[in-house]
Amino acid sequence: MHGNKGQRVQAVGTLTGATGRAISFLANPSYRRHLATTRAGAVILEERFVADCPVPALIAANPYAVYARVARFLHPPRAAEPGVHPSASVSKDAVVPESAQVCAQAVVAGGAMLGESVVIGEGSVVGPDVTVGDGTRLAPRVVLMDGVRIGKRCLLHSGVVVGSDGFGFAREDPEWIKVPQLGGVVIGDDVEIGANTTVDRGAVEDTVIEDGVKMDNQVQIAHNVRIGAHTVMSAFSGVAGSTRVGARCLFGGAVVVVGHLTICDDAVFTFRTAVLRSITEPGTYSGTLGAEKAGLWRRNAARFRTLDETMRQLRARTKPGRRTGGD
Amino acid sequence: MHGNKGQRVQAVGTLTGATGRAISFLANPSYRRHLATTRAGAVILEERFVADCPVPALIAANPYAVYARVARFLHPPRAAEPGVHPSASVSKDAVVPESAQVCAQAVVAGGAMLGESVVIGEGSVVGPDVTVGDGTRLAPRVVLMDGVRIGKRCLLHSGVVVGSDGFGFAREDPEWIKVPQLGGVVIGDDVEIGANTTVDRGAVEDTVIEDGVKMDNQVQIAHNVRIGAHTVMSAFSGVAGSTRVGARCLFGGAVVVVGHLTICDDAVFTFRTAVLRSITEPGTYSGTLGAEKAGLWRRNAARFRTLDETMRQLRARTKPGRRTGGD
Amino acid sequence: MHGNKGQRVQAVGTLTGATGRAISFLANPSYRRHLATTRAGAVILEERFVADCPVPALIAANPYAVYARVARFLHPPRAAEPGVHPSASVSKDAVVPESAQVCAQAVVAGGAMLGESVVIGEGSVVGPDVTVGDGTRLAPRVVLMDGVRIGKRCLLHSGVVVGSDGFGFAREDPEWIKVPQLGGVVIGDDVEIGANTTVDRGAVEDTVIEDGVKMDNQVQIAHNVRIGAHTVMSAFSGVAGSTRVGARCLFGGAVVVVGHLTICDDAVFTFRTAVLRSITEPGTYSGTLGAEKAGLWRRNAARFRTLDETMRQLRARTKPGRRTGGD
């Protein structure tokens with residue numbers, strides 16, 4: 001602690017917005033400019049910034065992580081209110097401990113087993129033989145299909161669908177015969193899944209999301225995929241069938257991976273990258289072109305369309321040792 | 001009006017489909033070819049096309065806007081049927097005016113305040129302390145999480161989730177600590193949000209959607225984003241965390257913007273553009289390459305992979321004044 | 001049959017996972033390496049692989065299709081349990097045959113007509129005047145808006161929304177006037193629609209999904225679109241307004257098509273392709289660049305930004321017959 005050791009705080013805020021009893025933090029150096037003028041009650045920051053801090057400072061090697069803990073302490077999530085809402089529909093063959101909360105209009109089917117302090121949000125559907133680990137929370141309107149297994153302390157946001165059929169069809173021209181999707185979905189502990197994200201069940205074996213994986217909104221996980229522990233996938237990202245993603249990978253937004261690949265641990269994919277081949281070496285990978293003025297883009301895109309042909313010509317014309325002059 | 005001033009119409013139709021008492025319109029000139037043969041009861045069009053119109057014509061500077069009003073007049077949306085359906089679950093601590101309609105299986109939590117003539121669709125969930133402005137309609141199965149504030153005359157389509165947690169985690173290898181998402185979501189008046197679109201709550205301050213914004217299906221708005229008034233975002237578009245989008249911008253489909261950027265007013269992004277840097281100048285921006293025959297694409301893509309290296313070589317070989325001949 | 005003609009099987013499995021009484025299959029040659037060591041009770045495969053098969057083999061020209069049938073026979077989908085759950089809300093003006101199943105918390109509105117053996121999943125909403133053909137199943141939490149018509153033997157997964165308003169607005173600066181979406185949605189027989197996929201209703205006429213179309217999760221179909229029979233669209237694919245897609249097309253994942261185009265029959269689009277113009281010739285089309293190491297990508301992307309300008313210079317400098325030497 002630097003400055004007034006007795007400083008008390010009761011809320012959190014941004015460097016520009018916090019006042020009086022609110023504590024703020026400086027993690028992203030690009031916000032450093034706001035430090036000099038902050039009116040926060042205190043700021044969590046790295047030692048190197050303390051000299052610029054006009055208010056009491058809490059020094060931390062990882063200010064953002066410390067902020068996360070302080071914020072959770074000051075603003076704890078609403079506790080479960082044990083009990084089954086009278087409008088919920090719970091099968092007599094389901095296991096619902098007294099500490100669990102089943103909210104209005106929710107459905108818990110036969111064979112489902114809920115752990116201690118589980119919360120099933122309004123209108124959520126827990127299918128037959130689903131298991132939900134202790135302390136896991138389903139937001140309103142989540143669907144867990146037959147036999148899905150979810151670990152402990154997970155958080156699934158509204159509109160999430162886990163255990164829908166994988167996309168499997170056998171062609172018999174012109175028709176497609178549905179391939180029954182007989183596998184399940186196994187989700188580890190401490191997994192968070194964003195709003196309207198979908199995770200398909202396996203075709204024969206299980207789709208697996210390992211411990212500590214964090215998925216943002218509108219992510220799509222196809223059948224037979226495995227996502228390694230602590231991998232983070234931002235919104236609009238997706239992984240096609242039977243691909244295995246390693247541990248501790250980072251997917252920027254809208255990163256998509258084709259099927260039947262293997263992605264090693266610690267691979268980082270920047271925003272809007274398409275992964276078309278297996279990745280065997282940790283590191284950062286990119287694959288998108290950014291917006292340009294429409295006219296410039298059009299001209300460059302037209303050149304791209306003839307790139308191979310043009311390169312052939314240019315290479316031929318400039319072959320070293322070749323006389324290009326007329327004489 | 002041109003032609004029979006007494007013409008009566010009672011429905012709308014396309015130039016090719018309308019007959020008898022149906023009125024049509026010509027807005028997109030590419031459909032002009034259908035004008036000569038239309039059997040519509042009347043056509044709304046610009047003066048310049050009236051000579052080609054074989055039926056009574058309603059002349060307008062903005063035919064599409066006039067058509068929109070005529071269509072709404074002839075086919076008004078179903079009015080709210082005031083009252084709470086017996087299967088709905090409404091907290092005694094919620095404010096639900098007599099003019100509001102709460103449909104079957106819907107949930108309205110404590111502290112929620114619904115305005116006059118609000119419609120809460122079947123199975124929709126209005127969370128604690130949510131406010132919904134007069135005349136706003138929620139289609140079936142919409143979720144508004146705790147404390148979300150929605151303005152007047154908005155329309156939210158099925159599967160919309162507003163106020164889910166933003167995607168915020170602090171890294172403490174190998175784990176990720178959840179950063180509580182303590183902000184809210186504020187949505188202005190006359191906003192339309194498409195099916196299965198998600199709008200996250202802010203981390204500390206609010207995510208803001210200003211008046212008159214129109215969002216299509218499966219759009220994603222991350223935490224702390226601000227979308228300026230009357231901006232239009234087509235399907236699959238998304239904006240990453242803390243980015244501010246100006247007013248009257250147009251997003252073609254699948255336009256995605258990275259986080260922490262500023263997009264000026266009146267920026268137009270064409271289909272499937274990725275925005276990787278702030279935009280400071282109004283105008284049209286593009287960023288995608290279109291489909292080509294697979295073989296041609298493969299060859300050009302291979303050249304792209306070596307573009308920098310090849311360009312270096314070619315520039316060196318063709319440096320003006322350099323002798324490239326062998327003699 | 002090759003090998004023990006009397007072999008009995010009672011389940012299915014993968015080449016590596018199947019044992020004892022489980023039958024497996026070899027369809028994708030890249031899994032051929034697993035054949036020699038399989039412990040499956042039998043394997044369905046092509047004649048050319050039978051020599052390598054250590055266990056009884058069922059020889060088939062199309063092993064995957066035969067596997068699909070065997071799997072369905074051994075693991076039939078759960079049959080409908082006729083009846084209306086007491087927590088469901090069914091209008092007295094709806095037609096619900098005795099063979100149909102309406103699950104917990106579901107809603108069936110007035111004028112809706114369900115066919116024989118239809119299943120309406122938990123929390124699903126069938127809107128006014130909707131028709132659902134014999135044998136069609138809705139997973140939990142599907143929404144069918146007013147007047148939607150669905151054929152026979154369809155399967156709609158959780159979170160699907162059919163019949164939401166198309167995205168239509170007329171500009172009247174700075175505002176946008178909503179164009180009423182008065183068309184419907186017509187879906188043929190044997191259509192499967194993946195989780196959280198959205199299909200908008202037409203503006204004036206109908207959005208049409210023909211027989212046998214298969215759509216994966218999080219697909220988006222805009223208003224007035226027509227998808228031809230037996231076309232397959234993988235996850236994240238989308239078609240913008242008024243575009244007509246032919247029959248038997250294949251969309252890899254994340255394939256998006258702009259509006260007002262015509263795509264011929266039998267067009268194949270590889271993963272993450274953007275279709276910006278009409279396609280008149282059957283064949284395979286591509287349009288994405290794959291991930292590269294970030295540094296390499298950055299250099300190539302920078303070259304792309306100046307591609308047109310550079311090409312002009314290079315072409316000028318290398319014009320055949322031009323003297324480039326200094327002498």
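Up top is the structure these notes are about.
Residues numbered from 1 in each chain as written. Chains lettered and ligands numbered in written order. Predicted model: local features only at pLDDT ≥ 70, side-chain atom pairs only at ≥ 80, totals over all residues. Heavy atoms only, no water.

Draft legend 1. View of the interface of chain B and chain A. Facing 82 residues of chain B, the contacting portion of chain A comprises 70 residues. When the two sides are added together, the surface that chain B and chain A hide from each other amounts to roughly 6,400 Å², 61% of it contributed by carbon and sulfur. For the salt bridge of Glu292(B) with Arg305(A), the shortest nitrogen-to-oxygen distance reads 3.0 Å. If you look at where chain B meets chain A, you find 31 residue pairs in polar contact (both at pLDDT 80 or more). A total of seven residues in the side of chain B that touches chain A trace back to one element, the largest contributor, which is helix α2 (residues 294-305) of chain B. Broken down by class, the residue content of the side of chain B that touches chain A amounts to 38 nonpolar, 27 polar and 17 charged. (Contact = heavy atoms within 4.5 Å. Buried area = accessible area lost by both parts, 1.4 Å probe. Salt bridge = Lys/Arg side-chain N within 4 Å of Asp/Glu carboxyl O. Polar contact = N/O pair within 3.5 Å; in protein donor to acceptor, adjacent residues only side chain to side chain. Helix = DSSP H or I, 4+ residues; strand = E, 2+ residues; numbered from the N terminus. Nonpolar A, V, L, I, M, F, W, Y, C, P; charged D, E, K, R; others polar.)

Draft legend 2. Summary view of the relation of the copies chain C and chain A. Overlaying chain C with chain A gives an RMSD of 0.0 Å, the required rotation being 120° about an axis along which the chain moves by 0.0 Å. What we have between these two chains is a three-fold relation. (Least-squares fit on C-alpha atoms with pLDDT ≥ 70 in both.)

Draft legend 3. The arrangement of the interface of chain C and chain A in detail. On the chain A side, the residues contacting the 70 residues of chain C number 82 residues. Summed over both sides, the interface of chain C with chain A buries roughly 6,400 Å², with 60% coming from carbon and sulfur. Three residues stand out in chain C for area buried against chain A, namely Arg141(C), Phe271(C) and Phe304(C), and they jointly supply 11% of the buried area on that side. Between the two partners, chain C and chain A, sit eight salt bridges. In this structure, Glu192(C) and Lys178(A) form a salt bridge, with 2.9 Å as the shortest nitrogen-oxygen distance. Where chain C packs against chain A, one counts 31 residue pairs in polar contact (both at pLDDT 80 or more). Listed by contribution, the elements that provide at least two residues to the side of chain C that touches chain A are α1 (63-74), β24 (214-215), β27 (232-233), β36 (292-293), α2 (294-305) and α3 (307-317) of chain C. Element by element, the count of residues in the side of chain C that touches chain A is highest for α1(C), at seven residues. Counted by class, the side of chain C that touches chain A contains 28 nonpolar, 23 polar and 19 charged residues.

Draft legend 4. The arrangement of the sheet that holds strand β1 (residues 11-12) of chain B in detail. All names here are of chain B. Read across the sheet, four strands follow the order β1-β2-β3-β4 without closing on themselves; strand pairing throughout is parallel. With partners counted over all chains shown, the strands left at the sheet margins are β1 and β4 (57-59), one partner each. With three bridges joining them, strand β3 (residues 42-45) and β4 adopt parallel strand pairing. The residue bridging Leu 45 from the neighbouring strand is Ile 59, located in β4. Against the sheet, helix α1 (residues 63-74) touches β1, β2 (22-25), β3 and β4, its axis set at about 135° to β3. (Pairing = 2+ DSSP bridges. Axes fitted to C-alpha atoms, helices over the stretch in contact; angles between N-to-C directions.)

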